[in-house]
Amino acid sequence: MLLGVNIDHVATLRNARGEEEPSVIQAAKLCIEAGADGITAHLREDRRHITDYDIFSLRKELNCKLNMEMAATYEMQKIALELLPEACCIVPEKREEVTTEGGLDVASQIERITDFVTPLIEAGIQVSLFIDAEKKQVSAASDTGAQFIELHTGAYSRAFGKKNEEEEFIKLKQAAALGHLLGLNVNAGHGLNYKNVHRMHEIDGLHELNIGHSIISRSIFTGLDSAVKEMLNLVNKN
Ligand code: PXP
């Protein structure tokens with residue numbers, strides 16, 4: 001499995017003071033030097049963490065896979081077509097949420113999402129749809145032409161160690177199997193941490209995990225290099 005490190009939280013910390021530290025670019029470089037397979041950054045409509053300047057600087061200064069998370073808006077589509085990241089992950093966005101709460105409802109808007117992702121795919125970007133682990137969302141995603149899905153692991157992460165862990169885990173496993181059957185590449189992310197990530201190995205054929213909060217949190221105590229390496233050890237373990 002590959003590891004994409006989500007560096008939004010570095011920008012959140014920087015923006016708390018409105019100045020330049022900590023540097024998002026420096027953090028991203030450290031993650032890559034530590035062995036991460038790519039950098040993930042969410043350019044939100046309200047720019048609460050990553051800014052336009054950040055995302056274009058990441059593109060310019062880092063020679064690595066960039067995964068731009070974004071809402072399905074035409075403002076974001078225009079930016080992505082100019083930026084040309086290797087990957088785009090389309091997420092739902094609500095202004096009042098603290099983080100991406102649920103998956104994108106593709107099933108109720110297949111046509112709109114198809115129209116939205118087509119220019120991105122034609123521009124050579126790998127498009128992923130961030131969805132809940134539900135059969136109807138997986139099959140709708142495959143109808144849009146997107147090559148990837150990213151399964152929302154938030155419910156599993158919250159259930160980890162509790163009595164509904166197995167139920168949430170099985171949903172992920174079944175959604176991944178259906179995705180593969182329909183020819184999709186399957187990623188996963190949200191809420192994964194050093195304790196719960198190991199079960200991702202029980203899901204056949206996952207391509208990439210996108211992890212942010214737990215890595216950046218641990219880096220406060222251990223440094224970013226070590227936090228990324230520790231996660232890579234868990235992600236790469238057979
Ligand atoms: N994947 C997607 C699509 C996300 O929106 C997020 C959160 O920004 C993540 C992965 C990473 O989640 P976390 O910060 O909880 O690891």
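Note that residues are indexed from 1 along each chain, following the sequence as it is written. The model is predicted, so local features are restricted to residues of pLDDT at least 70 and side-chain atom pairs to those at 80 or more, both for listing and for counting; the totals for chains, interfaces and linings are taken over all residues. Computation of side-chain values: all heavy atoms of the structure, hydrogens and water removed.

A.B. asks: How do you make sense of the overall build of the protein when you look at a structure like this?
C.D. replies: We count a stretch as a helix when DSSP gives it H or I for four or more residues in a row; a strand needs E for two or more, and each element gets its number in order from the N terminus. Scanning the protein from terminus to terminus reveals 10 helices and eight strands. This radius of gyration counts C-alpha atoms alone. The globule rule is 2.2 Å times how many residues there are, raised to the power 0.38. A compact globule built from 238 residues would reach a C-alpha radius of gyration of about 18 Å, and the protein, at 17 Å, matches this within 12%. With the C-alpha coordinates of the protein rotated into their principal frame, the extents come out at 45 × 40 × 30 Å. For every residue, the accessible area obtained with a 1.4 Å probe (protein chains only) is divided by the maximum for its type, and the residue is called buried under 20%, exposed over 50%, and partly exposed between those limits. The 238 residues of the protein split such that 50% are buried.

A.B. asks: Help me out: how do you make sense of the site of the ligand in this one?
C.D. replies: Working definition: residue near molecule or strand if any one of its non-hydrogen atoms lies within 4 Å of it. Close to the ligand lie 15 residues, the nearest being E69, E150, G191, G212 and H213. N6 places a polar side-chain atom, nitrogen or oxygen, 3.3 Å from an oxygen atom of the ligand. Within the backbone of G191, an N or O atom sits 2.8 Å from an oxygen atom of the ligand. Protein contact buries 94% of the 400 Å² of open area that the ligand shows by itself. Where the shell around the ligand is concerned, the elements lending two or more residues are α1 (8-17) and β8 (208-211). Between N or O atoms, a polar contact is any pair within 3.5 Å; within protein, one atom must be a potential hydrogen donor and the other a potential acceptor, and residues adjacent in sequence are included only when both atoms are from side chains. The Shrake-Rupley method, run with a 1.4 Å probe, gives the accessible areas here. Residue values count only the displayed protein chains as cover.

A.B. asks: Looking at this structure, how should I read the environment of N164?
C.D. replies: Relative to the elements of secondary structure, N164 occurs in the loop between α7 (154-159) and α8 (165-181). Residue classification places N164 among the partly exposed residues on the basis of a relative accessible area of 31%. For the pair N164 and A146, spaced 18 residues apart in the sequence, the C-alpha separation amounts to 31 Å.

A.B. asks: Sorry, what's going on with the layout of surface pockets here?
C.D. replies: Leftover empty space is mapped by rolling, across the atoms, a probe with the size of a water molecule. The space that makes up the second largest pocket amounts to roughly 290 Å³. Whether a set of points on the 1 Å grid over the protein atoms alone is a cavity depends on a 1.4 Å probe fitting there but being unable to get out, while an open set qualifies as a pocket with protein on both sides within 12 Å along at least five of seven lines; lining residues are those with an atom within 4 Å of a point. Residue lining of the second largest pocket: 14 residues in total, with V10, L13, I216, S219 and I220 positioned closest to the centre. Ranked by residue count, the leading element in the lining of the second largest pocket is helix α9 (residues 213-222), at five residues. All amino acids are sorted into three groups, where Ala, Val, Leu, Ile, Met, Phe, Trp, Tyr, Cys and Pro are nonpolar, Asp, Glu, Lys and Arg are charged, and the leftover types, Gly among them, are polar. Here the lining of the second largest pocket is built from residues that sort into eight nonpolar, six polar and no charged. Grid points are joined across faces, edges and corners, and a volume is the space filled by probe spheres set on the points.

A.B. asks: When you look at helix α10 (residues 224-236) in this model, what are you seeing that I'm missing?
C.D. replies: It helps to recall that an α-helix has 3.6 residues per turn; residues three or four apart then point in one direction. Multiplying 1.5 Å by the helix residue count minus one yields the expected span of that helix. The first and last C-alpha atoms of α10 sit 18 Å apart over 13 residues, in line with the 18 Å expected at 1.5 Å per residue. Listed in full, the buried residues belonging to α10 are L224, A227, V228, M231, L232 and V235. End-on view of α10: buried residues confined to an arc of 135°, all on one side of the axis. In the core, the buried residues of α10 are packed alongside β1 (2-6), α2 (24-33), β8 and α9. The directions from the helix axis to the C-beta atoms are what the arc is built from. Any two residues whose heavy atoms approach within 4.5 Å are treated as being in contact.

A.B. asks: Can you help me understand helix α5 (residues 110-122) in this one?
C.D. replies: With 13 residues, α5 extends 18 Å from end C-alpha to end C-alpha; this agrees with the ideal 18 Å at 1.5 Å per step. Within α5, the full set of buried residues consists of I113, F116, V117 and L120. Those residues of α5 that are buried lie in contact with β3 (65-70), α4 (74-83), β4 (87-90) and β5 (126-131). Count one or two residues on from α5 and you reach G124, which has phi positive near 90°.

A.B. asks: Would you mind going over the pattern of salt bridges with me for this structure?
C.D. replies: When the charged atoms of two side chains lie near each other, side chains of opposite charge can form a pair. Definition used for salt bridges: Asp or Glu carboxyl oxygen within 4 Å of a side-chain nitrogen of Lys or Arg. Per the stated rule, a full pass over the model turns up 13 salt bridges. Across the salt bridge formed by E75 and R47, the nearest N and O atoms sit 2.7 Å from each other. A residue pair is termed long-range when its members are at least 10 positions apart, and E75 in helix α4 and R47 in the loop between β2 (38-42) and α3 (52-61) qualify at 28 residues. Given a relative accessible area of 40%, E75 falls into the partly exposed group. Two residues, E202 and R199, come together in a salt bridge whose shortest N-O distance is 2.9 Å. In this structure E202 comes out as partly exposed when scored by relative accessible area, which is 34%.

A.B. asks: Hey, could you run me through the nonpolar core in this one?
C.D. replies: The nonpolar side chains of soluble globular proteins are, as a tendency, buried together. We define a nonpolar core as any set of buried Ala, Val, Leu, Ile, Met, Phe, Trp, Tyr and Cys residues linked to one another through side-chain atoms lying within 4.5 Å. Within the largest apolar cluster, 72 residues are counted, with the highest numbers of intra-cluster contacts made by L58, M68, I90, L129, M200 and I215. Of all the elements, α10 adds the most residues to this core, at six residues. Discounting residues that sit within four places of it in the chain, I215 has contacts with L3, V5, Y194, L224, A227, V228 and M231.

Such coordinate-based values are descriptive only and should not be taken to indicate function.
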